[in-house]
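Geometric and topological summary
One-letter residues, chain by chain:
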Amino acid sequence: MKLGLAIGYSGAHLEVPVALVQRAEELGYDSVWSAEAYGSDAITPLAFLAAKTSRINAGLGVSGPQIVEGWHGQPWGKPYYRVKDYVAIMRKIFKREGPVTHEGREISLPYKGEGSAGLAKPLKSILHMNPDIPIYLATGGEAMVKLTAEIADGWLPMGFVPGAMEEYGPWLEEGFRRAGNGKSLKDFTIQASVHVEVDNDVKGALTRLKPEVALYVGGMGHRTKNFHNDIMVRRGFGDAAKRIQELYLAGHKAEAIAAVPDEWVDLKSLVGPPARICEHYRAWENSGADSLSVRSRQPEAIEVMAKAARLN
């Protein structure tokens, strides 16, 4: 299994963990992943890191309806068709076979809709790039996972834990079937992710990861549209997910954090002393994922995971 490093998005001040990424590269990590939030973009840190590294690959992820509409000022629309149009357009841009045109259900080029000046013309990228840049999609629901398997090169699975392929496997196979070109898992990369926290105090390590769980499950999304809450429900923690959201949205953040079950955090994380992390890593190694992004800025974590994955 390959390892990646997920650095997430910046806090109040832009901070790019250059030394951590360079050490991960030295250890044999395959990729580094950034993310965006409201005010913290994904591309700037990756561009900076590309200039500071020589071998490691870089990737970025997308967002959800609250940020897309509330921060970018764009309609969320129909995600299935919007993603399908977006991927088709990007592939046309990469290949540079001619000026890009696309008549999609959600996105069209050139734009001819409301407010158009009527002067648009198809254009071709002046940048000669790799025509086969791999496209990974971050999805978790049945329809979107099937679409991912059909049109993408890789998958950033939401809610992926050891044992999840029992649910996701049939969806992926249906997507491969729809692709209609003999596509299968051998042509597709599953890039899972896991929080890693090295600490001899397992309980303390689990507790430190709970605030982020409470934020995402309780407050990162609308009460009726929260992907992270949905995943927790699907994994058998429905009562806890409901309670966390109720508390968080009522402003009782400390109580919401306390309501996060240790078992949920432990299921989707690798925490504790190095020996425990290495032992629990085996389940991830046999989970069906091809690569595992380490979600941590703890220097000890990337060292322990390199040892667990036998990178050196």
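Let me begin by describing the structure that accompanies this report. Remember, it's a predicted structure, so these values are computed and weren't measured experimentally.

**Comments concerning empty space enclosed by the protein**
- Throughout the structure, instances matching the rule amount to 1 cavity of 30 Å³ or more.
- Computed from the structure, the largest cavity encloses a volume of approximately 50 Å³.
- The wall of the largest cavity is formed by 13 residues, among which Gly8, Ser10, Glu15, Pro45 and Arg297 lie closest to the centre.
- Tallied by class, the residues present in the lining of the largest cavity amount to 6 nonpolar, 4 polar and 3 charged.

**Describing helix α8 (residues 227–234)**
- Looking only at α8, the buried set comprises Asn229, Ile231 and Met232. Burial along α8 is one-sided: seen end-on, the buried residues are contained in an arc of 160°.
- Where α8 is buried, its residues meet α6 (165–179), α7 (202–219), α9 (238–249) and α11 (262–267).
- Where α8 begins, one side-chain oxygen reaches toward the backbone nitrogen of His228, 3.0 Å away; that side chain belongs to Asn226.
- Backbone geometry just after α8 places Gly236 at a positive phi near 95°.

**Overview of the packing of α8 against α9**
- Direction vectors running N to C along α8 and α9 enclose 150°, while the axes themselves pass 7 Å from each other. As the angle between them shows, α8 and α9 are arranged roughly antiparallel. Contact residues: α8 offers Asn229, Met232 and Val233, while α9 offers Gly238, Ala240, Ala241, Ile244 and Gln245.
- By residue class, the composition of the contact of α8 with α9 is 5 nonpolar, 3 polar and no charged.

**Some thoughts on the nonpolar core**
- Counting residues in each nonpolar core, the largest one holds 63 residues, and the members touching the most others are Leu5, Tyr29 and Met305.
- Other than its neighbours up to four places away in sequence, Met305 contacts Leu3, Tyr29, Val196, Leu270, Ile277, Tyr281, Leu292 and Val294.
- The next biggest cluster of nonpolar side chains, apart from the first, holds 9 residues, and it includes Tyr80, Ile135, Ile151 and Ala152.

**Some words on the pattern of salt bridges**
- Scanning the model with the defined rule gives 20 salt bridges in all.
- A salt bridge links Lys146 to Glu142; the nearest nitrogen and oxygen atoms lie 2.9 Å apart. Residue Lys146 and its partner Glu142 are located together in helix α5 (residues 142–151), separated by 4 residues, close to a single helical turn.
- Owing to a relative accessible area of 14%, Lys146 belongs among the buried residues under this scheme.
- A salt bridge links Lys186 to Asp187, with the nearest nitrogen and oxygen atoms 3.3 Å apart.

**Re the pairing of strand β7 (residues 154–157)**
- Side chains Gly154 and Leu156 project from β7 onto one buried face, and the interleaved Trp155 and Pro157 project onto a second face that is buried too.
- As paired strands, strand β6 (residues 136–139) and β7 are joined by 4 bridges and run parallel to one another. By the bridge assignment, Thr139 is partnered in β7 with Pro157.
- Relative to strand β8 (residues 189–198), β7 runs parallel, the two sharing 2 bridges. Bridge pairing in β8 places Trp155 opposite Ile190.

**Section: the packing of aromatic side chains**
- For the structure shown, the criterion picks out 8 aromatic pairs.
- Taking 6.5 Å as the distance between ring centres and 90° as the angle between the ring planes, the aromatic pair formed by Trp155 and Phe160 counts as edge-to-face.
- Taking relative accessible area as the criterion, Phe160 reaches 4% and is therefore assigned buried.
- When the ring of Phe160 is compared with that of Tyr168, the centres are 6.4 Å apart and the planes differ by 5°; the resulting orientation is stacked. No difference in accessibility class separates Phe160 from Tyr168, as the two residues are buried.

Reading guide: rules and limits
- Residues numbered from 1 in each chain as written.
- Predicted model: local features only at pLDDT ≥ 70, side-chain atom pairs only at ≥ 80, totals over all residues.
- Heavy atoms only, no water.
- 1 Å grid on protein atoms, 1.4 Å probe; cavity = no way out; pocket = protein on both sides within 12 Å on 5 of 7 lines; lining within 4 Å.
- Points joined across faces, edges and corners; volume = space filled by probe spheres on them.
- Nonpolar A, V, L, I, M, F, W, Y, C, P; charged D, E, K, R; others polar.
- Buried < 20%, exposed > 50% of the residue type's maximum accessible area, 1.4 Å probe, protein only.
- Helix = DSSP H or I, 4+ residues; strand = E, 2+ residues; numbered from the N terminus.
- Arc of directions from axis to C-beta.
- Contact = heavy atoms within 4.5 Å.
- Polar contact = N/O pair within 3.5 Å; in protein donor to acceptor, adjacent residues only side chain to side chain.
- Axes fitted to C-alpha atoms, helices over the stretch in contact; angles between N-to-C directions.
- Parallel < 35°, antiparallel > 145°, perpendicular 65-115°, else oblique.
- Core = buried A, V, L, I, M, F, W, Y, C linked by side-chain atoms within 4.5 Å.
- Salt bridge = Lys/Arg side-chain N within 4 Å of Asp/Glu carboxyl O.
- Pairing = 2+ DSSP bridges.
- Phe/Tyr/Trp six-rings, centres within 6.5 Å; stacked < 30°, edge-to-face > 60°.

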